[in-house]
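# Report on the structure
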Amino acid sequence: DDRERMDRAALGAYLRAVRLGRENTEEMLDTRARLHELFLTIMRDKLLKPVYQPIVDFTPGTVLGYEAFLRGPEGTPFHDPLALLSFAEGIGQVFALEQLFFQTAVAGLGPMEPGQLLFINIHPASFTDPQFTPAGIPGYLGDHGLHQGNLVFEFTERQTAGDLDILQQKLELYRDKGVRVDRKSVV
């Protein structure tokens, strides 16, 4: 009798655990679906916001340039750039996200003084993506009052460089166009 009661209690606990696991899984899938829809909305409606940090030489007090940082819409989980980039990585959309961010950062900056630099972080996987080419960059920069000499790509520190041969080939293409690439942070 005690054994039967223990077996029923164990079965009840097991069934409750299965039900709870199913509910948690459904909740997690629902959350992921909502995040995916939010990500698609951000991309479609171009809701990225660049934040610019001035880089200052304090001795003469001059602004040497700006580093552009990515932000999603305020009040959303994607306002945090790491959450936004991590989600994009998970669904294979890093290149599309960074392409939109590049366009938004350049368009939102406004004119720069001669010799000033715009630093934009880039994921090495985007840099080596076949769609990522230097061909349109000079024209796009020129449309916004910038020159390729104003642009510096910096590799995001938390990512690996991947295929180093392709990376080296791309580095040369961009250097030939006058774009600077900071290789110090390639890991």
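Details of the structure are given in the entry above.
A brief report on the enclosed structure follows. It should be emphasised that the depicted structure is a prediction, and the values quoted were computed from it without experimental measurement. (Residues numbered from 1 in each chain as written. Predicted model: local features only at pLDDT ≥ 70, side-chain atom pairs only at ≥ 80, totals over all residues. Heavy atoms only, no water.)

What follows concerns the side chain of Asn150. Secondary-structure assignment places Asn150 in the loop between helix H5 (137–143) and strand S4 (151–155). Once residues lying within four places of it in the same chain are set aside, the contact partners of Asn150 are Met112, Glu113, Gly115, Gln116, Leu117 and Leu118. (Helix = DSSP H or I, 4+ residues; strand = E, 2+ residues; numbered from the N terminus. Contact = heavy atoms within 4.5 Å.)

Let us now look at helix H2 (residues 81–90). Residues separated by three or four positions in an α-helix point in the same direction, a consequence of the helix having 3.6 residues per turn. Taken residue by residue, H2 has Leu84, Leu85, Phe87 and Ala88 as its buried positions. All buried residues of H2 lie within an arc of 160 degrees about the axis, which places them on one face of the element. Where H2 starts, the residue carrying a side-chain oxygen 2.8 Å from the main-chain nitrogen of Leu82 turns out to be Asp80. (Buried < 20%, exposed > 50% of the residue type's maximum accessible area, 1.4 Å probe, protein only. Arc of directions from axis to C-beta. Polar contact = N/O pair within 3.5 Å; in protein donor to acceptor, adjacent residues only side chain to side chain.)

Attention now moves to the packing of H2 against helix H3 (residues 94–109). Running from amino to carboxyl end, H2 crosses H3 at an angle of 140 degrees, the nearest separation of the two axes being 8 Å. When the interaxial angle is binned, H2 and H3 end up oblique. When H2 is examined against H3, the residues Leu84, Leu85, Ala88 and Glu89 are found in contact with a partner set consisting of Val94, Leu97 and Glu98. Looking at the contact of H2 with H3, its residues break down into five nonpolar, no polar and two charged. (Axes fitted to C-alpha atoms, helices over the stretch in contact; angles between N-to-C directions. Parallel < 35°, antiparallel > 145°, perpendicular 65-115°, else oblique. Nonpolar A, V, L, I, M, F, W, Y, C, P; charged D, E, K, R; others polar.)

With that settled, consider the environment of Leu84. Locating Leu84 in the fold gives a position in helix H2. Through-space distance from the C-alpha of Leu84 to that of Val94 is 9.4 Å; in sequence the pair is 10 residues apart. What Leu84 contacts, discounting residues up to four positions off in sequence, is Phe39, Leu48, Leu70, Gly72, Phe78 and Leu97.

The next subject is the pairing of strand S1 (residues 49–57). Summarising the sheet, S1 and strand S2 (residues 62–71) pair through nine bridges and their orientation is antiparallel. Bridge assignment links Asp57 to a residue of S2, and that residue is Thr62. (Pairing = 2+ DSSP bridges.)

Let's shift gears to the packing of aromatic side chains. Scanning the model with the defined rule gives five aromatic pairs in all. Taken together, a centroid distance of 5.8 Å and an interplanar angle of 45 degrees make the contact between Phe39 and Phe87 tilted. On the criterion of sequence distance, the pair formed by Phe39 in helix H1 (residues 2–44) and Phe87 in helix H2 is long-range, its members being 48 residues apart. Each member of the pair Phe39 and Phe87 is classed as buried. Centre to centre, the rings of Phe102 and Phe153 are 6.0 Å apart; their planes meet at 45 degrees, and the pair counts as tilted. With a gap of 51 residues between them, Phe102 in helix H3 and Phe153 in strand S4 connect regions that are remote in the sequence. One aromatic cluster is present, formed by Phe39, Phe78 and Phe87 through successive ring pairs. (Phe/Tyr/Trp six-rings, centres within 6.5 Å; stacked < 30°, edge-to-face > 60°.)

As a further point, take unusual backbone geometry. Most peptide bonds are trans, and most residues other than glycine sit at a negative phi. For Lys46, which is not a glycine, the phi torsion comes out positive at approximately 55 degrees. Examined against the element boundaries, Lys46 turns out to sit in the loop between H1 and S1.

Next up on the list: the nonpolar core. Leu97, Ile120 and Phe153 are the most contacted members of the largest nonpolar core, which has 35 residues in total. Those elements giving two or more residues to this core turn out to be H1, S2, H2, H3, strand S3 (117–122), H5, S4 and helix H6 (164–176). A total of nine residues in this core trace back to one element, the largest contributor, which is H3. (Core = buried A, V, L, I, M, F, W, Y, C linked by side-chain atoms within 4.5 Å.)

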